[in-house]
Amino acid sequence: IGGRWVLTAAHCMLTTDKSGFREAGPAGNTVVKIGCTDVESSTCRSVNVVNIFVHPCYVASQNQDHDDIALLEMAEDSGFTVDELPWVGGLNGTVELTNTSNVTLAGYGLTSNSATQPSARVMMVTV
């Protein structure tokens, strides 16, 4: 969503035992993979996360996740321009939405609260 910022699901920031949220540090503890659609690809670049901000109203549940968002601040700018990002190319930083608008989310990571391994391939869903 910005040069140093990534929007993700809060459930992806849960600790393995689901008792709390992971911490950004020390360096390498939490990284963002950028520049690829498959995390095993040689085009991937790993960037350390320095801060994690989980929505304050998020409470993990099996089927009733609300406010399931978190912001990750990366240690460095991604280096991408908006036009280079495949899902947001051409946007000027604002998109008008209504209560009935559909939004497409894309990324990889844990796909549910019960998942133990992240997806290795980019996934997309329209909500």
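This next bit is on the overall build of the protein. Broken down by element type, the protein carries zero helices and six strands. For the protein, the proportion of its 127 residues judged to be buried stands at 24%. The long-range share in the protein, meaning contacts at least 24 apart out of those at least 6 apart in sequence, stands at 52%. Of the roughly 8600 Å² that the protein leaves accessible, carbon and sulfur atoms contribute 53%.

Overall, antiparallel pairing links the four strands, which are arranged 1-4-3-2 in an open sheet. At either margin of the open sheet sits one strand with a lone partner, and together these are strand 1 (5-8) and strand 2 (31-34). Averaged over all pairs of adjacent strands, the angle between their axes in this sheet comes to 40°, without regard to strand direction.

Examined against the element boundaries, Asp68 turns out to sit in the loop between strand 3 (45-54) and strand 4 (70-74). Beyond its immediate chain neighbours, meaning those up to four positions away, Asp68 contacts Thr8, Ala9, Ala10, His11 and Tyr58.

A few words now on the packing of aromatic side chains. Here a ring pair, both rings aromatic, is described through the centre-centre distance and the interplanar angle of the planes. Following the criterion strictly, the structure yields two aromatic pairs and no others. Ring geometry for Trp5 against Phe53: centres 6.0 Å apart, planes inclined by 40°, an arrangement best described as tilted. Of this pair, Trp5 sits in strand 1 while Phe53 sits in strand 3, placing them 48 residues apart in sequence. Taking the relative accessible area as the measure of exposure, Phe53 reaches 43% and is therefore partly exposed. Between Phe21 and Tyr58, the aromatic rings sit 6.1 Å apart at their centres with planes inclined by 50°, giving tilted as the arrangement. Of the two residues, Phe21 is situated in the loop between strand 1 and strand 2 and Tyr58 in the loop between strand 3 and strand 4; the sequence distance between them amounts to 37 residues.

Looking at the element boundaries, His55 is found in the loop between strand 3 and strand 4. Along the backbone, His55 and Leu71 are 16 residues apart, and their C-alpha atoms lie at a distance of 8.2 Å. A polar contact is formed between the side chain of His55 and the backbone nitrogen of Cys57, at a distance of 3.0 Å.

Turning our eyes to something else, we now look at the pairing of strand 3. Across four bridges, strand 2 lies against strand 3 in antiparallel orientation. Its bridge partner being in strand 3, Val31 is matched across the sheet by Asn48. In this structure, strand 3 lies alongside strand 4, joined through five bridges in antiparallel fashion. Counterpart to Val49 in the pairing with strand 4 is Met74.

Thresholds applied
Residues numbered from 1 in each chain as written. Predicted model: local features only at pLDDT ≥ 70, side-chain atom pairs only at ≥ 80, totals over all residues. Heavy atoms only, no water. Helix = DSSP H or I, 4+ residues; strand = E, 2+ residues; numbered from the N terminus. Buried < 20%, exposed > 50% of the residue type's maximum accessible area, 1.4 Å probe, protein only. Contact = heavy atoms within 4.5 Å. Areas by Shrake-Rupley, 256 points an atom, 1.4 Å probe, with all protein chains shown as cover. Pairing = 2+ DSSP bridges. Axes fitted to C-alpha atoms, helices over the stretch in contact; angles between N-to-C directions. Phe/Tyr/Trp six-rings, centres within 6.5 Å; stacked < 30°, edge-to-face > 60°. Polar contact = N/O pair within 3.5 Å; in protein donor to acceptor, adjacent residues only side chain to side chain.

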